[in-house]
Amino acid sequence: MTDTALPERLARAIALAGPIPVAQYMAAANAHYYATRDPLGAGGDFTTAPEISQMFGELVGLWCADLWDRAGRLDVAWVELGPGRGTLAADAARAMAKAGLEPPVHFVETSPALRKAQAERVPAATWHDSIDSLPTDRPLIVVANEFFDALPIRQLVKREQWHERLVAAQDLLFLPIAGKPLPDAVIPEPFRDAPAGSILETSPAAVTIIRGLAKRIAVQGGALIAVDYGYEGPALGDTLQAVRGHAFANPFEAPGEHDLTAHVDFTTLAAAAQAEGAVAWWGR
C-alpha cells in the first residue's frame, strides 16, 4: 500500500502556499524515497552497475590506486557520495588493498535504511550527512556513481515566454504547470527563441556540491570520478523520469514512492569545478 503521508503533506503545503518548483518537489520525493527503503536489486526498483558485477567496483578501486601511486602514495581519504548498499566500496577496497592502498572510508549518506546495508559491507566506514564534515587534513579521492542524477533539478518551460515549471496539486493529484514569466537574462541566449513546449533543466544542487568538492580538492589535493547518465550541455529536453519495479512511472504520481532522476549536464559541472581551481575532463 502506498504511504500517503508525503503526498498529503505536499498537497497541504501547495494548498496553503501555492504551487512549488519542480526542484522542491523532487527533493522532497527523493528524500522520503531513499529514507524509507533499500531500492536496489531484483526486489527493488532499479539496479546499478556495482550490483551487477564486482568488476565495476574493482576497476574504480584500481583507478584510485593508480592515482595514489602516481601521486607518491600519500595518506588519503576515500569518499563515496550516495554509496548504495556499499557494494562498490567493498569491491574497490579489495582491489585497492592488493596495490597497498587501504585508506579510511567516508560515506556521504542520509538514508538510515542504506546506512544499515552499508555498515554490513564496510563496517569501518565513517558516515556524513553532507560534504561539509569530510576530512580537511589530507587529499580526497571521491567516487560518485549515479549520484548527481538523483539531485533536484530546476525546470524552465517555454510558452510565449520562458516560465519556471511548478507542481500544482488537486487533492492528491500532482501535475506540472507554468509559473510566472522569467526575464530573458536568466535564459542562455541560444534558447531564448526556442519553440513553445521546450524545457530547459538546471541543477543548482549539483553545482553547489561540485564547487564544494572542487574547492577542497584544489586545496587538499585528490580527485573525483563521477559516473552517471548525462549530456553535453546546456541543452533542451525533459529528462525527469521515475522508475518503480524496474519500469518507468509517472514522476508526478505518488511522490516518495518512485526513484526520481534527471540526466546530468556534465559541461556545467566541469565548468563549476574549473571555477574553483580544479582541472576537469569528461567523456562518454
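Residues numbered from 1 in each chain as written. Predicted model: local features only at pLDDT ≥ 70, side-chain atom pairs only at ≥ 80, totals over all residues. Heavy atoms only, no water.

(A) Local environment of the environment of Pro 204. Along the chain, Pro 204 turns up in helix α7 (residues 204-220). Taking the C-alpha atoms as reference points, Pro 204 and Pro 152, separated by 52 residues in sequence, lie 8.0 Å from one another. (Helix = DSSP H or I, 4+ residues; strand = E, 2+ residues; numbered from the N terminus.)

(B) Focus on the side chain of Thr 239. If you trace the backbone, Thr 239 turns up in the loop between β11 (230-231) and β12 (241-244). Its relative accessible area of 17% is what places Thr 239 among the buried residues. Reaching out from Thr 239, the side chain makes a polar contact with the side chain of Glu 201 at a distance of 2.6 Å. Excluding anything up to four places from it in sequence, Thr 239 contacts Glu 201, Thr 261, Ala 262 and His 263. (Buried < 20%, exposed > 50% of the residue type's maximum accessible area, 1.4 Å probe, protein only. Polar contact = N/O pair within 3.5 Å; in protein donor to acceptor, adjacent residues only side chain to side chain. Contact = heavy atoms within 4.5 Å.)

(C) Local environment of the nonpolar core. Judged by nonpolar contacts, the single largest core of 23 residues is most densely connected at Val 79, Leu 81, Ile 131, Phe 147, Phe 148, Ile 209 and Leu 213. Contributions of two or more residues to this core are made by β2 (77-81), β5 (140-145), α7 and α8 (266-275). Here this core takes 5 residues from α7, the largest share from any one element. Here Leu 213 is in contact with Leu 81, Ile 131, Leu 134, Val 142 and Leu 224, once residues within four sequence places are set aside. (Core = buried A, V, L, I, M, F, W, Y, C linked by side-chain atoms within 4.5 Å.)

(D) Representation of a nonpolar patch on the surface. Among the surface-exposed residues, Met 55, Leu 59 and Leu 62 lie close enough to one another that they form a single nonpolar patch of about 320 Å² accessible area. Tracing the backbone shows Leu 59 in helix α4 (residues 54-70). (Patch = residues over 30% accessible without salt bridge, like charges linked within 9 Å, V, L, I, M, F, W, Y side chains within 5 Å. Areas by Shrake-Rupley, 256 points an atom, 1.4 Å probe, with all protein chains shown as cover. Salt bridge = Lys/Arg side-chain N within 4 Å of Asp/Glu carboxyl O.)

(E) Inspection of the pairing of strand β8 (residues 173-181) at higher detail. Where strand β7 (residues 162-170) lies against β8, 7 bridges are found, and the strand directions are antiparallel. Looking at β8, one finds that His 163 is bridged to Pro 181. Connecting β7 to the antiparallel partner β8 that follows it, the hairpin turn spans 2 residues, and Asp 171 within it adopts a positive phi of roughly 55°. (Pairing = 2+ DSSP bridges.)

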